[in-house]
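# Commentary on secondary and tertiary structure
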Amino acid sequence: MQDFSRIQRTMGNRIGFVPTMGALHKGHLSLLKYAQQVSDVSVMSIFVNPTQFGPAEDFSKYPRPFDADCERAKSNGCQALFAPTPATMYPKDYVTYVNVRTITEPLCGAIRPGHFEGVTTIVLKLFNCVMPHIAIFGQKDAQQCIVIKRMVLDLNMDMHIAIAPTLRESDGVAMSSRNSYLTPLERSQAISLSKGLGMAQDLFCKGVVQTGELLTVITQQINQATELHIEYVEAVSTLSLEKTDIIAGPTLFACAVRTKTSGTRLIDNCIIGGSL
Ligand code: AMP
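Residues numbered from 1 in each chain as written. Predicted model: local features only at pLDDT ≥ 70, side-chain atom pairs only at ≥ 80, totals over all residues. Heavy atoms only, no water.

## Regarding the sheet that holds strand β6 (residues 228-237)
Sheet strands pair via backbone hydrogen bonds, and the direction of the pair is either parallel or antiparallel. The three strands lie next to each other as β6-β7-β8, forming an open sheet whose pairing is antiparallel. Each of the sheet's edge strands pairs with one partner strand only, and the pair in question is β6 and β8 (265-272). Neighbouring strand axes in the sheet, compared pairwise and without regard to direction, differ in orientation by 15° on average. Taken together, the eight bridges between strand β7 (residues 251-259) and β8 define a ladder with antiparallel strand orientation. Among the inter-strand pairings, T251 is bridged to a residue of β8, identified as I272. With respect to the sheet, helix α9 (residues 191-205) is in contact with β6, β7 and β8, its orientation differing from that of β8 by roughly 15°. (Pairing = 2+ DSSP bridges. Helix = DSSP H or I, 4+ residues; strand = E, 2+ residues; numbered from the N terminus. Axes fitted to C-alpha atoms, helices over the stretch in contact; angles between N-to-C directions. Contact = heavy atoms within 4.5 Å.)

## Looking at the sheet that holds strand β2 (residues 41-46)
With parallel pairing, five strands are arranged side by side in an open sheet as β3-β2-β1-β4-β5. The strands lining the two open edges of the sheet, one partner per strand, are β3 (80-82) and β5 (160-164). Here the strands of the sheet are splayed against their neighbours by 25° on average, with no regard to which way each runs. As defined by bridge partners, β2 adjoins β3 across three bridges and the pair is classed as parallel. Residue pairing for β3: S45 is matched across the bridge by F82. With respect to the sheet, helix α6 (residues 115-130) is in contact with β1 (15-20), β2, β3, β4 (134-138) and β5, its orientation differing from that of β1 by roughly 145°.

## Re the site of the ligand
In the vicinity of the ligand lie 17 residues, with M21, H28, D141, L167 and M175 positioned nearest. In the model, an oxygen atom of the ligand is placed 2.9 Å from a nitrogen or oxygen of the H28 side chain. Contact distances for the ligand include 2.8 Å between a nitrogen atom and a backbone N or O atom of L167. For the ligand, the protein covers 92% of the area, taking 480 Å² as the surface of the free molecule. Counting only elements with at least two residues in the shell around the ligand, the list comes to β1, α2 (26-38) and β4. Looking at which element gives the most residues to the shell around the ligand, the answer is α2, with three residues. Looking at the shell around the ligand residue by residue, the class counts come to eight nonpolar, seven polar and two charged. (Near = heavy atom within 4 Å. Polar contact = N/O pair within 3.5 Å; in protein donor to acceptor, adjacent residues only side chain to side chain. Areas by Shrake-Rupley, 256 points an atom, 1.4 Å probe, with all protein chains shown as cover. Nonpolar A, V, L, I, M, F, W, Y, C, P; charged D, E, K, R; others polar.)

Purely geometric numbers; function is a separate question.
Have a look at this one:
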């Protein structure tokens, strides 16, 4: 991978990079398209990263349709696919981890201890392998975007992070590799996340700036879905990820639920009063 990237750099080509865990859907492909627009050569990685999954999470059952993914990546113009094995990335005696503090603690960090340490570690390792000029992440995983941006800034890394919008199904549900786990009833109720977030955006447009009021609307909407159990619904500053009562700058409204029958974790978010 590094040999390929060094050659590209020597030729003066800008490398655009899209890290993924595979089971590619149109959301992933939209990031690839973004990479193609802002670089000369687009690289995608597929790696289901064991260190970002908790012991009781879905690492072993995570979908891995590798051959179909290769086809999809290639037919969508991906010029290099990096798909290392866990043993390559984490050989015996591996002990080094990247710890971004404070902003990894709330939201998904509180529900999934150790998750972001796994994310920052693998993303830094992938960056060192692919040596991109620009890497593209989806706003779907907003906290991840904020954490990676912070890591790149704090560690003086010579690259740019771009954030692409969340791609949605026609009913508004955010595309996710995990949507394939959902029962038909869970899938029909998953719409309540985007619906609640949309209602909050509408209220903000009508002048409501108290986050409490908007959070109540989102929570009520999700609570109507009998198959969904709320993990969190929160409004935080996009900079500090601290809770905020009033929308005075870019505010992340983020929600996470677990479905009751298949036990699938779903997240969604919107930024009100600015962007990431
Ligand atoms: P994953 O394979 O789930 O780790 O996701 C790889 C990248 O794709 C991450 O940057 C995600 O934020 C992004 N992504 C996942 N779902 C979507 C979506 N629906 N729209 C846009 N980007 C997405």
